[in-house]
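# Reading the structure
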Amino acid sequence: MAMNDLHELFVHKLAQQYYVEQELVETLDEMARHTTNDRMSQGFADHRDETRTQVQRLEDVFAALDRPAEARESAVLDGLEAERSELESEIEDDELLNMVYLNAGMMTERIEMTAYEGLTTIAEQLELGNDVQTPLESNYDEEKSAYRELETMAAAKDLKSLWDRLTPS
Ligand SMILES: [Fe+2]
């Protein structure tokens, strides 16, 4: 089916983000269980719980548009997932794997932030109103703070020895 207007594009992007959030509940849960770094594990688990709420907020957006919630595959997320599982099967060192999770987490949050920026911009253009805009903005804010949290972890002292150990001298 051809896509003809901005509203259809909005729904398409919304359905993709709905897929992304649902997948990420699983991914974050997996990363929380697999990382050997306690702080990262807690961070992933916290954001997993937030992500469950984000899924519900997107359902609220579909409801505000008077449409059933639909998920549409996202090649970007699938690509990231494929890359992570490839690295997981190749890497045996726990700390090196922690780096993979940290990086995967940051990359995912960046992609999500961009997705929500796109959605809110189109929603504004279409004047879809607060019932659409507010849940999108709440999700956006949570992605931003999840990103900041990971960024802080990447710079944290408890990762310093890890960086040193993994850096070839
Ligand atoms: Fe999210």
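Parameters at a glance
- Residues numbered from 1 in each chain as written.
- Predicted model: local features only at pLDDT ≥ 70, side-chain atom pairs only at ≥ 80, totals over all residues.
- Helix = DSSP H or I, 4+ residues; strand = E, 2+ residues; numbered from the N terminus.
- Expected span 1.5 Å × (residues − 1).
- Buried ≥ 20, exposed ≤ 12 C-beta atoms within 10 Å, placed from the backbone.
- Contact = placed C-beta atoms within 7 Å.
- Core = buried A, V, L, I, M, F, W, Y, C linked by C-beta atoms within 7 Å.
- pLDDT = per-residue confidence, 0-100.
- Axes fitted to C-alpha atoms, helices over the stretch in contact; angles between N-to-C directions.
- Parallel < 35°, antiparallel > 145°, perpendicular 65-115°, else oblique.
- Left-handed = near helix turned anticlockwise from the far one by under 90°.
- Nonpolar A, V, L, I, M, F, W, Y, C, P; charged D, E, K, R; others polar.

The next thing to look at is helix H5 (residues 130-155). Given a rise of 1.5 Å per residue, 26 residues ought to cover 38 Å, and the 37 Å separating the end C-alpha atoms of H5 matches this to within 8%. Within H5, burial applies to Val132, Pro135, Leu136, Asn139, Glu143, Ala146, Glu149 and Leu150. Buried residues in H5 make contact with helix H2 (38-64) and helix H4 (94-125).

Here we take up unusual backbone geometry. With the exception of glycine, the majority of residues adopt a negative phi angle, and the majority of peptide bonds are in the trans configuration. The backbone of Asp66 shows a phi angle near 65°, a positive value even though the residue is not glycine. Tracing the chain through its elements places Asp66 in the loop between H2 and helix H3 (75-90). By C-beta crowding, Asp66 is classed as exposed, having 6 other C-beta atoms within 10 Å.

Judged by nonpolar contacts, Val20, Leu24, Leu28, Met31, Met40, Phe44, Leu77, Leu97, Tyr101, Leu102, Ala146 and Leu150 together constitute the single largest core of twelve residues. Elements that contribute at least two residues to this core include exactly helix H1 (6-34), H2, H4 and H5. Among the elements that take part in this core, H1 stands out by supplying four residues, more than any other. Every residue in contact with Met31, bar those within four places of it in the chain, is listed here: Phe44, Tyr101 and Gly105. Residues Phe10, Leu58, Leu119 and Leu136 belong to the second largest nonpolar core, which totals eleven residues.

The share of residues in the chain with pLDDT of 70 or more is 95%, and the mean pLDDT across the chain is 93. Mean pLDDT in the chain bottoms out at helix H6 (residues 160-166), which sits at 70, and peaks at H1, which reaches 97.

This next bit is on the environment of Asp78. Position of Asp78 relative to the elements: it lies in helix H3. Distance in space between the C-alpha atoms of Asp78 and Glu50 is 21 Å, their sequence separation being 28 residues.

Moving on, we get to the environment of Gly118. Note that Gly118 resides in helix H4. The exposure class of Gly118 is partly exposed, given the 15 C-beta atoms found within 10 Å. With 104 residues separating them along the chain, Gly118 and Leu14 place their C-alpha atoms 9.9 Å apart.

Looking now at the packing of H1 against H4. Contact pair H1 / H4: the axes reach a minimum separation of 10 Å and the direction vectors enclose 155°. Between H1 and H4, the angle falls in the class roughly antiparallel. By crossing handedness, the relation of H1 to H4 is classed as left-handed. For the pair formed by H1 and H4, the contact residues are Leu6, Leu9, Phe10, Lys13, Leu14, Gln17, Val20, Leu24 and Met31 on the first element and Tyr101, Gly105, Thr108, Glu112, Ala115, Gly118, Leu119, Ile122, Ala123 and Gln125 on the second. Among the residues making up the contact of H1 with H4, the classes are represented as twelve nonpolar, five polar and two charged.

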